[in-house]
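A closer look at the structure
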Amino acid sequence: MVTEATPSTEPVKRHRVSALDGLRAVAVIVIFLHHALPDTFPGGYFGVDIFFALSGYLITAQLVQEHVRRGSIWLTGFYIRRFLRLTPALMIVVVFALIVHVAVGWGANPFQAAAAATYLMDFYLSLTSHFGGSLAHTWSLAVEEQFYLVWPALLILGIRLRWPMIWVTSFLVVAAIVPTLLVVRAGSYQMAYYSPFAHLGELGAGVLLALIVASDRTSMIRWTRSYAVPVVAVGLLTAASLGADQEWAWQYYGGFTAAGLVTAAVVAHCILRPDSYVTKALGRRTMTWIGERSYGIYLWHYPLLYVLIRYVDDWVALIVGGVLSVVLAALSFRYVEQRFNRIKDTKFATR
């Protein structure tokens, strides 16, 4: 278990919750609908916040598990594993976008491709007035990669200094709203939204849940066992997807963080209620199949839609783009991601 200050040597049970793959499927479907039919689903970008909260939870849970097993965290190995998990598939999409740009002019120029390949698209979008072309969606990967770069080191430091990590994280989740507020007040919604600080609250919500579960303080989240949690979450996601606008100020005043906390509550429900209808529905084979390939779907859908919507009707782009995204993601999963995952899980596995 993990105490308020530091992990102990007690083994923590580790098992895969298939419903979390189902949540990934929900997130990528909502994002795809937003990009394919922006007038119908103007707020579908909230699907990204689901991914952020899931990443915060899963990465922190893995790090805590490693500390419990080994008594330490192999930081270099963590960075290598993240690189092998994310970068090979991304590089293929970056090359594709460059080729399309050269062929038809509707892809990504070298500057945009460089920003995507180096996980700096969030800075590129927030600090310039330029758009990211067909690789603009990689801003969220940049935010996550920067989180992966900083958070493990902070966690190690907190453990060594015996910080009360749950309360420190709670403070950081709330404090993450402040820099975004300052940027919004300055009048730049693009800078605020794509800033690497704007979505720390969602990542922090997942981190907080992982620390609570690892410290065996599940009494703090017992309320998430209620069916009201996923029902409210579905209602909020539906309302946001159909009615939100990226320039609504309330999102920057804690709305994105709230989305992360709601996602964390649904994750907690799935963990604490493996027998619930919601957990079982999210864990169905169709949902987990999509969720396992959600990274590839996310990578491929935007470059494809970016070109298709310039030549065909939105609904045709939706169908063709959806089919191509799934097919290419399935190929990427089998021939790229799984191969590098095997390297990651053998040569660079935690001992």
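Whatever comes next refers back to the structure up there.
Residues numbered from 1 in each chain as written. Predicted model: local features only at pLDDT ≥ 70, side-chain atom pairs only at ≥ 80, totals over all residues. Heavy atoms only, no water.

**Details of the pattern of salt bridges**
This model, assessed by the stated rule, comprises eight salt bridges. Between Arg293 and Glu292 there is a salt bridge, with the nearest N and O atoms lying 3.3 Å from each other. The salt bridge involving Asp345 is made with Lys344; its shortest N-O contact spans 2.8 Å. For Lys344, a relative accessible area of 12% puts it in the buried group. It is possible to trace a salt-bridge network through shared partners that takes in Glu66, Arg70 and Arg81. (Salt bridge = Lys/Arg side-chain N within 4 Å of Asp/Glu carboxyl O. Buried < 20%, exposed > 50% of the residue type's maximum accessible area, 1.4 Å probe, protein only.)

**What about unusual backbone geometry?**
You will see that Tyr119, though not glycine, has its phi angle at about 55°, which is positive. You can see Tyr119 is positioned in the loop between helix 4 (110-117) and helix 5 (121-127). The phi dihedral of Asp216 is positive, around 60°, even though this residue is not glycine. Mapped onto the elements of the fold, Asp216 is located in the loop between helix 10 (200-214) and helix 11 (228-243). (Helix = DSSP H or I, 4+ residues; strand = E, 2+ residues; numbered from the N terminus.)

**Observations concerning the packing of helix 7 (residues 165-175) against helix 10**
At a minimum axis distance of 9 Å, the contact between helix 7 and helix 10 shows a crossing angle of 165°. The angle between helix 7 and helix 10 falls in the class roughly antiparallel. As for how helix 7 packs across helix 10, the hand of that crossing is left-handed. Contact residues: Met165, Ile166, Thr169, Ser170 and Val173 in helix 7; Gly201, Gly204, Ala205, Val207, Leu208, Leu211 and Ile212 in helix 10. (Axes fitted to C-alpha atoms, helices over the stretch in contact; angles between N-to-C directions. Parallel < 35°, antiparallel > 145°, perpendicular 65-115°, else oblique. Left-handed = near helix turned anticlockwise from the far one by under 90°. Contact = heavy atoms within 4.5 Å.)

**Structural notes on the packing of aromatic side chains**
By the definition in use, this model includes 17 aromatic pairs. Taking 5.7 Å as the distance between ring centres and 45° as the angle between the ring planes, the aromatic pair formed by Phe46 and Phe256 counts as tilted. Here Phe46 is found in helix 2 (residues 46-70), whereas its partner Phe256 is found in helix 12 (residues 249-272), with 210 residues between them in sequence. Taking 6.3 Å as the distance between ring centres and 85° as the angle between the ring planes, the aromatic pair formed by Phe78 and Tyr148 counts as edge-to-face. Note that Phe78 is positioned in helix 3 (residues 75-104) and Tyr148 in helix 6 (residues 139-160), a separation of 70 residues in sequence. According to the relative accessible area criterion, Phe78 is buried, its value standing at 3%. Of the residues examined, Tyr148 reaches a relative accessible area of 4% and is grouped as buried. An aromatic cluster of three or more residues is present, and its members are Tyr45, Phe46, Phe52, Trp139, Tyr193, Tyr194, Tyr252 and Phe256. Between the NZ or CZ atom of Arg82 and the centre of the ring of Tyr148, over which it lies, the distance is 5.3 Å. Stacked on the ring of Tyr306, the Lys or Arg Arg310 has its end atom at 4.1 Å from the ring centre. (Phe/Tyr/Trp six-rings, centres within 6.5 Å; stacked < 30°, edge-to-face > 60°. Lys NZ or Arg CZ within 6 Å of the ring centre and 35° of its normal.)

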